[in-house]
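Residue-level listing of the chains:
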Amino acid sequence: MTTPTPPDEALICSARGCRAPAVWELRWNNPRLHPPERRKTWLACAAHRGSLGDFLDARGFLREVVPVPGSPTLEQ
């Protein structure tokens, strides 16, 4: 179980070893384990959005990709 990040701490990319700020939320679920409405979230920086998304999509888990609230991607 993960602990929610306090609002004053930057959200960090979920890619192994990456410490870059997250700008994307990759929302997913495993249909064999989770009900359809359940969403788990991986965070991604711009550099890892593709590789994390491809990993989830190849398994049929990726449901949606949205900008992290307050991230610069919302202004692009």
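Here the structure is shown first, and the text comes after it.
Quick caveat: nothing in here was measured; it's all calculated off a predicted structure. (Residues numbered from 1 in each chain as written. Predicted model: local features only at pLDDT ≥ 70, side-chain atom pairs only at ≥ 80, totals over all residues. Heavy atoms only, no water.)

Trainee: Could you give me a rundown of the environment of Cys13, with the residues and numbers involved?
Mentor: By secondary structure assignment, the location of Cys13 is in the segment before strand S1 (24-28). Taking the C-alpha atoms as reference points, Cys13 and Val23, separated by 10 residues in sequence, lie 8.1 Å from one another. Leave out the neighbours within four places in its chain, and Cys13 touches Cys18, Ala20, Pro21, Ala22, Leu43, Ala44, Cys45, His48 and Leu52. (Helix = DSSP H or I, 4+ residues; strand = E, 2+ residues; numbered from the N terminus. Contact = heavy atoms within 4.5 Å.)

Trainee: Can you break down the pattern of salt bridges residue by residue, with the values?
Mentor: Going through the model one piece at a time under the given rule, you end up with two salt bridges. Its salt-bridge partner being Glu25, residue Arg27 comes within 2.8 Å of it at the nearest N-O pair. Among the salt bridges present, the one from Glu64 reaches Arg27, with a minimum N-O distance of 3.5 Å. Remark: Arg27 occurs in strand S1 and Glu64 occurs in strand S3 (residues 62-67); sequence separation between them is 37 residues. Among the residues examined, Arg27 registers a relative accessible area of 25% and is labelled partly exposed. When salt bridges with common partners are traced through the structure, they connect Glu25, Arg27 and Glu64 into a single cluster. (Salt bridge = Lys/Arg side-chain N within 4 Å of Asp/Glu carboxyl O. Buried < 20%, exposed > 50% of the residue type's maximum accessible area, 1.4 Å probe, protein only.)

Trainee: Break down the pairing of S1 for me, citing the residues and quoting the values.
Mentor: Where S1 meets strand S2 (residues 40-44), five bridges bridge the pair, whose relative direction is antiparallel. Along S2, the bridge assignment pairs Glu25 with Leu43. (Pairing = 2+ DSSP bridges.)

Trainee: Describe the sheet that holds S2, listing the residues and the values that go with them.
Mentor: In space, the three strands of this open sheet follow the order S2-S1-S3, with antiparallel pairing throughout. A strand with exactly one partner marks an edge of an open sheet, and here the two such strands are S2 and S3. The mean inter-strand angle of the sheet, taken between neighbouring strand axes irrespective of direction, is 25°. Here S1 runs beside S3; their pairing, made up of five bridges, is antiparallel. Among the inter-strand pairings, Arg27 is bridged to a residue of S3, identified as Glu64. (Axes fitted to C-alpha atoms, helices over the stretch in contact; angles between N-to-C directions.)

Trainee: Give me the lowdown on the environment of Arg49, citing residues and values where you can.
Mentor: Positionally, Arg49 belongs in helix H1 (residues 49-58). Taking the relative accessible area as the measure of exposure, Arg49 reaches 32% and is therefore partly exposed. Residues Arg49 and Ala22, spaced 27 residues apart in sequence, show a C-alpha to C-alpha distance of 9.2 Å. When sequence neighbours within four positions are dropped, the list of residues in contact with Arg49 reads Trp24, Leu26, Ala44 and Val65.

Trainee: Outline H1, supporting the account with residue identities and numerical values.
Mentor: Buried residues of H1: Leu52, Gly53 and Leu56, and no others. All buried residues of H1 lie within an arc of 95° about the axis, which places them on one face of the element. Exposed residues pointing more than 90 degrees away from the buried face of H1 are listed as Asp54 and Ala58. Buried residues in H1 make contact with S1, S2 and S3. Looking one or two residues beyond H1, the residue adopting positive phi is Gly60, at roughly 75°. (Arc of directions from axis to C-beta.)

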